[in-house]
Amino acid sequence: MSQVVDVRTKVGVRHFAQLSSTDGLFAQAPAEVDDSDPRRLAVALGGTLYTPAVTPDLPQVLAKLYRQGVTTSVLCLEDAIADDQVHDAEEHLVGELDRLAGAGTTTPLLFVRPRTPRQVLGLVERLPPRARGRIAGFMLPKFDKNNGLEWLVRISQAERLAGPGHRYWRCPIMESPDFAQRESQAEALTATRRLLVDPMWRTSVLVVRIGATDLLSTFGLRRNPDMTIYDYPVVAQVIGSVVNTFGRADGFVVSGPVWEHFGGQERLLRPALRASPFEETDSMWVRRHLFANHVDGLLQEIEFDIANGLVGKTVIHPSHASLVNAMLVPSFDEWRDARDILAQGSGVIRSAAGGKMNEAGPHRLWAQRVVDRASVYGVAGPDVSRIDLLRAVVRADREKS
């Protein structure tokens, strides 16, 4: 294995390492994930933090983010950078990645979001050899049938430049107007899927992402922190179509859209979190913290994401990443149902937790995906609630901020 690949593999992904103690939280502990199993790695991306590529002292910033529980970060050269900053941002990123490689600092798994396919090759070309392996892959903005092949080819060229055996993951983002507009949507999605499932590219595509901000902009809309993305029918419909196209049994892991709010705004609508579960666990301070930071809507949206087959989410504030990851931990009852379904050859059995039936046929894919999440995020203990997990990550965030 080349030195370049070794540098990247050492980063890995392991959730909840920021917690000083996990005693009693997990019936099955979170596991280390590397890129030897692409499907598990895709599931493990979790709460993915976007960071402008111009951020000063990136090695120190990224090391702190890792200590705070951020396990995946995207260094953005696209929308986070003004048009007249692009050259300076590239130069800054090249220098900071070289510093990072020299320091050997433990950081989140790092991706880069470039502006154009041509920028990918130019960036890798300018990186010193030791720094090329710090990039796990590229988030590909506005990926569609028109530019998709160029994105994929340019990254192949960058891989050859980086060294023998090296691989950069491709993470296409579905956000172009063709995916949102009724008359073009079906053909655009079908053509894009045809490209991504081509055997030449299929194994290099890690995850399919959804760009809600750009999709909303097609209709002149912007997100309200009191609403989830599913309250916007024109985009909710796109999410359903993307999952329908890419998230089938033989498809890809599809990640949820960005949550772009982090407090400080006037509240008009009723908060999204019930009081009683927090009262029962003496955690009202957690509920107040979530309201103050405008993340009750985020938690509600994650519930909708999971219900619609999405795993993981883009975030813009470090404290949100561990909240996303906590919400992705299967409950003990979910996990037990999933294991029973996978062990069952056919027919129907009563859930061990009561209140529902487990059907071996129709529930099998659901069960496999719960087990996939459990293999990465762990399994909550029999008496551990979502509130317990949220309390643990909120307390850790307060301690490390």
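Residues numbered from 1 in each chain as written. Predicted model: local features only at pLDDT ≥ 70, side-chain atom pairs only at ≥ 80, totals over all residues. Heavy atoms only, no water.

Draft legend 1. Highlighting the pairing of strand β2 (residues 47–52). With five of six residues buried, β2 is to be regarded as a mostly interior element. Here three bridges tie β2 to strand β9 (residues 313–315), and the two strands are oriented parallel to one another. Note on β9: the bridge partner recorded for L49 is V315. Pairing geometry for β2 and strand β3 (residues 72–76), over five bridges, is parallel. From the neighbouring strand, T51 faces β3, where its bridge partner is L75. (Buried < 20%, exposed > 50% of the residue type's maximum accessible area, 1.4 Å probe, protein only. Helix = DSSP H or I, 4+ residues; strand = E, 2+ residues; numbered from the N terminus. Pairing = 2+ DSSP bridges.)

Draft legend 2. Geometry of empty space enclosed by the protein. Tallied over the full model, the rule gives two cavities of 30 Å³ or more. Volume-wise, the second largest cavity comes out at about 30 Å³. (1 Å grid on protein atoms, 1.4 Å probe; cavity = no way out; pocket = protein on both sides within 12 Å on 5 of 7 lines; lining within 4 Å. Points joined across faces, edges and corners; volume = space filled by probe spheres on them.)

Draft legend 3. Focus on the nonpolar core. Core analysis: the biggest nonpolar cluster contains 114 residues, and F111 and F138 have the highest contact counts within it. Contacts of F138, omitting those with residues within four sequence positions, involve F111, V112, P114, V120, L123, V124, I155, Y168, W169, R170 and C171. (Core = buried A, V, L, I, M, F, W, Y, C linked by side-chain atoms within 4.5 Å. Contact = heavy atoms within 4.5 Å.)

Draft legend 4. Looking closely at the environment of R391. Along the chain, R391 turns up in helix α18 (residues 386–400). With a relative accessible area of 18%, R391 lands in the buried category. Residues R391 and R287 lie 104 residues apart in sequence; the distance between their C-alpha atoms is 9.1 Å. The contact partners of R391, leaving out residues within four places of it in the chain, are T281, S283, W285 and V286. A polar contact of 2.5 Å, which involves the side chain of R391, links it to the side chain of S283. A polar side-chain atom of R391 sits 2.9 Å from a polar atom in the side chain of D388. (Polar contact = N/O pair within 3.5 Å; in protein donor to acceptor, adjacent residues only side chain to side chain.)

Draft legend 5. Structural context of helix α4 (residues 86–103). Between its first and last C-alpha atoms α4 spans 26 Å; for 18 residues at 1.5 Å apiece the expected length is 26 Å, and the two agree. When α4 is considered as a whole, its buried residues turn out to be V86, A89, E90, L93, V94, E96, L97, L100 and A101. Elements that come into contact with the buried residues of α4 comprise α3 (58–67), β3, β4 (109–113), α5 (117–126) and α6 (129–132). (Expected span 1.5 Å × (residues − 1).)

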